[in-house]
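Descriptive analysis of the structure
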Amino acid sequence: QKEVEQNSGPLSVPEGAIASLNCTYSDRGSQSFFWYRQYSGKSPELIMFIYSNGDKEDGRFTAQLNKASQYVSLLIRDSQPSDSATYLCAVKDGGFQKLVFGTGTRLLVSP
Amino acid sequence: KAGVTQTPRYLIKTRGQQVTLSCSPISGHRSVSWYQQTPGQGLQFLFEYFSETQRNKGNFPGRFSGRQFSNSRSEMNVSTLELGDSALYLCASRRTQGQGLSGELFFGEGSRLTVL
């Protein structure tokens, strides 16, 4: 059974700080990695994806991937109260493979 | 472009009954996935259909079933409902990408099922 693990949190950070969210996965064959954000009472939405080792930046968000250590992380710079949500890590193999989600980390950004 | 549409949004059933949920994917998306979301278990994968064929399946009992029609619309059915089936059921669609499917899922707003 392929697994994706995340700390459920909540992770509390003050406004303006850097929030660091982490995810580990069990399947070494995983090829692509995704971060979804889910606001309370809403559906998940994709915010970042990464395929290659290293960092990928998009605005205030940076995804980091280390395949050798089997972890992927999401950094949110200059955190805002509007970033308060649950962040879901998802992992996919190639082709038609399903996405396997972690249970999510709840982030709370205080003003 | 219309998003993923799920019906009904809310429903209440009693134990032993069955329920059918419907999902219309984004136009052009041929893949439809179903997920169960509960506070304790997070987002659990049920199954995925592509071009009317079940391509992936999660670890749920046979009471949970689904199908996909030629217009890509999908239904899932839960028979002999149990209290533990109370959850938010999310449908998601995704587009093809190269020889496979994109990892970007577009979710509907979900169908919240309460079993009494």
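This report concerns the structure included in the present document. (Residues numbered from 1 in each chain as written. Chains lettered and ligands numbered in written order. Predicted model: local features only at pLDDT ≥ 70, side-chain atom pairs only at ≥ 80, totals over all residues. Heavy atoms only, no water.)

**Regarding the state of the cysteines**
Residues and elements named next belong to chain A. In the structure shown here, the tally under the stated rule is 2 disulfides over all chains. Sulfur-sulfur distance for the disulfide between Cys 23 and Cys 89 comes to 2.1 Å. Negative torsions about the S-S bond denote left-handed disulfides, and the value of about -70° found for Cys 23 with Cys 89 makes this one left-handed. One end of the pair, Cys 23, is in strand S3 (residues 19-25); the other, Cys 89, is in strand S9 (residues 85-92), and 66 residues separate them in sequence. Across the pair, Cys 89 and Cys 23 agree in class, each one buried. (Disulfide = S-S within 2.5 Å. Helix = DSSP H or I, 4+ residues; strand = E, 2+ residues; numbered from the N terminus. Buried < 20%, exposed > 50% of the residue type's maximum accessible area, 1.4 Å probe, protein only.)

**Comments concerning the side chain of Ser 102 of chain B**
Residue and element names in this part refer to chain B. By the secondary structure assignment, Ser 102 is in the loop between strand S11 (100-101) and strand S12 (106-107). Judged by its relative accessible area of 4%, Ser 102 falls in the buried class. Within the structure, the side chain of Ser 102 is placed 2.9 Å from the backbone nitrogen of Glu 104, a separation counted as a polar contact. (Polar contact = N/O pair within 3.5 Å; in protein donor to acceptor, adjacent residues only side chain to side chain.)

**What to know about the pattern of salt bridges**
Applying the stated criterion across every chain, the model contains 9 salt bridges over all chains. When the shortest N-O distance is used, the salt bridge between Asp 83 of chain A and Arg 60 of chain A registers 2.9 Å. Of the two residues, Asp 83 of chain A is situated in the loop between strand S8 (71-76) and S9 and Arg 60 of chain A in the loop between strand S6 (54-58) and strand S7 (61-66); the sequence distance between them amounts to 23 residues. For Asp 83 of chain A, a relative accessible area of 2% corresponds to the buried category. For Arg 60 of chain A, a relative accessible area of 27% gives the class partly exposed. Among the salt bridges present, the one from Glu 75 of chain B reaches Arg 67 of chain B, with a minimum N-O distance of 3.2 Å. Residue class for Arg 67 of chain B comes out partly exposed when judged on its relative accessible area of 47%. (Salt bridge = Lys/Arg side-chain N within 4 Å of Asp/Glu carboxyl O.)

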